[in-house]
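# Fold and geometry: a report
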Amino acid sequence: MQPFIVIIPARYASTRLPGKALREIAGRPLLQHVFAAACASRAQQVFIATDDVRIAACANAFTENVVMTARTHSSGTDRLAEAAAQMAMPDDAVLVNVQGDELGLPAALIDQVAVALTRHPDRQMATLCERLVDEQEFTNPNVVKVIVDRDNRATCFSRAAIPWQETFDAAINSYKHIGLYAYRAGFLREYSALPACEWEQSERLEQLRAIYYGHKIHVEEATQPTGMEINTEADLAAARKVYL
């Protein structure tokens, strides 16, 4: 397995749940839960990349691996690109983006996405998905859907219910995207130099920039159930009921 590094992008100004990285669940901030999951993976090192001194102060309570980045980044991927540049990562270094709102993410999935990228050198990114069996999730715009081609390359990501179904049928292959990415540092530098596209801005989905400019994203079905994505106050309340 090629060595890899995890970087967790964390900002304070979340539109739907401001300061969510600092919200406590079972006595610990969400960010610390995510960091612990990443440390349980086979990553060589785990870093937190942030633009906010409040998040940096929180992170410094449990790790020294904190990278301060600019406030101007439009996506977590752009933030990772700056962090990788600050750390002078070589072009072939594999970096995994574990988003700071993924609570209970199994470490095995972090390893899976890193391996997926190394096994597909023709693809610039790798990510994971899981089958949708719940109609509420299928129609929920906070749940991102993905469509892949026969070679497991992403063709579309959307907050809309895709592929469209007149009546929801769990037997139809509809997939939920898991916010977990692997890239090579060289691609990140190229990505961050590209202007944001209309799709990305409309959907608020950074991975659409890669597709728009013709880059290949490899997608695999997760080998284990994922955790909980914390996007709203309702998500936070549900998590607090599970993690007592």
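Keep in mind the model is a prediction, meaning the values are calculated, not measured.

### Notes on the overall build of the chain
When its secondary structure is counted, the chain shows nine helices and 13 strands. Across its three principal directions, the C-alpha atoms of the chain cover 50 × 45 × 35 Å. The buried share among the 244 residues of the chain stands at 52%. For the chain, the proportion of contacts with a sequence separation of at least 24, taken over those separated by at least 6, is 69%. Within the structure as shown, the chain displays about 11200 Å² of accessible surface, and the carbon and sulfur contribution to it stands at 50%. Here the chain holds 24 positive side-chain charges and 30 negative ones, and the gap between their average locations is 2 Å.

### Remarks on the environment of arginine 119
Relative to the assigned elements, arginine 119 resides in the loop between helix H4 (107-118) and strand S8 (125-131). Given a relative accessible area of 65%, arginine 119 falls into the exposed group. Along the primary structure arginine 119 and glutamate 102 are separated by 17 residues, whereas in three dimensions their C-alpha atoms are 25 Å apart.

### What about a nonpolar patch on the surface?
Where nonpolar side chains cluster on the molecular surface, the patch consists of Trp199, Tyr212 and Tyr213 and spans about 320 Å² of accessible area. Position of tryptophan 199 relative to the elements: it lies in helix H7 (residues 198-203). Look at tryptophan 199 and you get partly exposed, because its relative accessible area is 44%.

### A word on the packing of aromatic side chains
Enumeration according to the criterion identifies six aromatic pairs in this entry. Here phenylalanine 35 and phenylalanine 62 contribute two aromatic rings whose centre-to-centre distance is 5.3 Å and whose plane-to-plane angle is 55 degrees, an arrangement assigned as tilted. One end of the pair, phenylalanine 35, is in helix H1 (residues 30-39); the other, phenylalanine 62, is in the loop between helix H2 (53-59) and strand S5 (66-68), with 27 residues separating them in the sequence. Classification of phenylalanine 62 as partly exposed rests on a relative accessible area of 21%. A ring pair is formed by phenylalanine 187 and tyrosine 191, whose centres lie 6.1 Å apart and whose planes are at 55 degrees; its orientation type is tilted.

### Side note on the environment of alanine 114
Mapping alanine 114 onto the fold places it in helix H4. Given a relative accessible area of 2%, alanine 114 falls into the buried group. In the structure, alanine 114 is positioned 66 residues away from leucine 180 in sequence and 9.8 Å away in space, judged by C-alpha atoms. Once you skip the residues sitting within four places of it in the chain, alanine 114 turns out to touch Met1, Phe4, Val96 and Ala182.

### Quick notes on the side chain of threonine 232
Along the chain, threonine 232 falls in the loop between strand S13 (228-229) and helix H9 (233-242). Taking relative accessible area as the criterion, threonine 232 reaches 19% and is therefore assigned buried. Residue contacts for threonine 232: discarding those within four places in its chain leaves Leu17 and Asn142.

### So, the confidence of the model for the chain
Low pLDDT marks stretches whose predicted atomic positions should not be read closely. Of all residues in the chain, 100% have pLDDT values of 70 or greater, and the mean over the chain is 93. The spread of mean pLDDT over the elements of the chain runs between S13, the lowest at 86, and strand S12 (residues 217-221), the highest at 98.

### A short note on the packing of helix H3 (residues 76-86) against helix H6 (residues 185-192)
Axes are the key here: two packed helices are described by the angle between their axes and the distance separating the axes. Running from N to C, H3 and H6 cross one another at 120 degrees; their axes reach a closest spacing of 9 Å. Relative to H6, the element H3 lies oblique. In this structure, H3 meets H6 at a crossing whose hand is left-handed. Here H3 contributes Thr77, Asp78, Leu80 and Ala81 to the contact with H6, which in turn contributes Leu188, Tyr191 and Ser192. Split into classes, the residues belonging to the contact of H3 with H6 amount to four nonpolar, two polar and one charged.

### A word on unusual backbone geometry
In the segment running from isoleucine 162 into proline 163, the intervening peptide bond is cis, with an omega of -10 degrees. By secondary structure assignment, the location of proline 163 is in the loop between strand S10 (154-158) and strand S11 (175-184). If you check the backbone angles, alanine 26 has positive phi at about 55 degrees while not being a glycine. For asparagine 152, which is not glycine, the phi torsion reads 60 degrees and is therefore positive. Looking at where asparagine 152 falls in the secondary structure, it is placed in the loop between strand S9 (145-148) and S10. Of the residues examined, asparagine 152 reaches a relative accessible area of 35% and is grouped as partly exposed.

So, how was this worked out
- Residues numbered from 1 in each chain as written.
- Predicted model: local features only at pLDDT ≥ 70, side-chain atom pairs only at ≥ 80, totals over all residues.
- Heavy atoms only, no water.
- Helix = DSSP H or I, 4+ residues; strand = E, 2+ residues; numbered from the N terminus.
- Buried < 20%, exposed > 50% of the residue type's maximum accessible area, 1.4 Å probe, protein only.
- Contact = heavy atoms within 4.5 Å.
- Areas by Shrake-Rupley, 256 points an atom, 1.4 Å probe, with all protein chains shown as cover.
- Lys, Arg positive; Asp, Glu negative; His and termini not counted.
- Charge placed at Lys NZ, Arg CZ, Asp CG, Glu CD.
- Patch = residues over 30% accessible without salt bridge, like charges linked within 9 Å, V, L, I, M, F, W, Y side chains within 5 Å.
- Salt bridge = Lys/Arg side-chain N within 4 Å of Asp/Glu carboxyl O.
- Phe/Tyr/Trp six-rings, centres within 6.5 Å; stacked < 30°, edge-to-face > 60°.
- pLDDT = per-residue confidence, 0-100.
- Axes fitted to C-alpha atoms, helices over the stretch in contact; angles between N-to-C directions.
- Parallel < 35°, antiparallel > 145°, perpendicular 65-115°, else oblique.
- Left-handed = near helix turned anticlockwise from the far one by under 90°.
- Nonpolar A, V, L, I, M, F, W, Y, C, P; charged D, E, K, R; others polar.

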